[in-house]
Amino acid sequence: MTWSIVAHDPVSGAFAVAVTTCAFAVGASCPYVRAGVGAVSTQSFTNRYLGPAVLDGLARGLSPSAAIQGALAGDEGRDLRQIHAVDRHGNSAAWTGESCVEWAGSQSGPGFSVAGNMLSGAAVVGETAATFASAASMPLPERLMLALDAGEAAGGDRRGRQSAAMKLITTEDFPDLDLRVDDHAAPLTELRRLLGIWRRERAPGLAFAPRKADPAGLTDRALIEAGWRARGLDLRFPDRKRRPEQAGS
């Protein structure tokens, strides 16, 4: 019912999940990330307890395969589940239960894993993986977006399309990026639009926001507003672009 990619960027330390499906609000149930630990997607008759359980295993030093097996050990529905994970060493593993709806399977590479079920065919996972692997020079969010687009072009979810999500974490206890398209006729198109807004309006301020290395973040209002002006934001509504007639104000 879903296909996804879990990934680790060793340069930034980021972990990320990008996922899409023909079901409502996939971002509410499948993607899990934890700073310094790993990324997981739990899907196919989703058991949301599995994501945190796998991350707990990775945090204890288990390999992705051992963490997944440990999480599934107490799940009587394991044959219906699909779950995959990547750790801070770039190791990955995937489980596709024998009762997952065809086509179902996975493919991995250095620092990432792609898995899906109820797909139009193996090419969906194959093209997603190949595209992600070939785009190593791109920023991780855009690389994930490109990979999902390639999987969609290869056939995607054989039932259609409805929702998509992308979640990325680096050093904090909360995501740097957390985008959800819960119900849309073209969820990947909408996810790409939201990613563009995040890149333009939210990403530039992350370095100055409260964080572990600087718990208060930037507190000089003059500098904050100067940054808004430099990005063309309306000082009354800093999350909005100024209209052309306001550009000189």
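Notes on the structure in this doc start here. Computed from a prediction, not measured in an experiment: that's the story for all the values here. (Residues numbered from 1 in each chain as written. Predicted model: local features only at pLDDT ≥ 70, side-chain atom pairs only at ≥ 80, totals over all residues. Heavy atoms only, no water.)

Let us now look at the overall build of the chain. When helices and strands are tallied, the chain shows six helices and 10 strands. Its C-alpha atoms give the chain a radius of gyration of 19 Å, near enough to 18 Å, the size a compact globule of 249 residues would have. Its C-alpha atoms give the chain principal-axis dimensions of roughly 60 × 40 × 30 Å. Considering the chain as a whole, with its 249 residues, one finds that 47% of them fall into the buried category. The long-range share in the chain, meaning contacts at least 24 apart out of those at least 6 apart in sequence, stands at 51%. Roughly 11,700 Å² of accessible area belongs to the chain as shown, and the carbon and sulfur atoms make up 54% of that amount. Of note, the chain has its 27 positive side-chain charges centred 5 Å away from the centre of its 27 negative side-chain charges. (Helix = DSSP H or I, 4+ residues; strand = E, 2+ residues; numbered from the N terminus. Rg over C-alpha atoms; globule rule 2.2 N^0.38 Å. Buried < 20%, exposed > 50% of the residue type's maximum accessible area, 1.4 Å probe, protein only. Contact = heavy atoms within 4.5 Å. Areas by Shrake-Rupley, 256 points an atom, 1.4 Å probe, with all protein chains shown as cover. Lys, Arg positive; Asp, Glu negative; His and termini not counted. Charge placed at Lys NZ, Arg CZ, Asp CG, Glu CD.)

Mapping Asp79 onto the fold places it in the loop between helix H2 (64–72) and strand S5 (82–87). Residues Asp79 and Phe45 lie 34 residues apart in sequence; the distance between their C-alpha atoms is 9.9 Å. Ignoring any residue separated from it by four or fewer positions in sequence, one finds Asp79 in contact with Trp95, Gly97, Glu98, Ser99 and Cys100.

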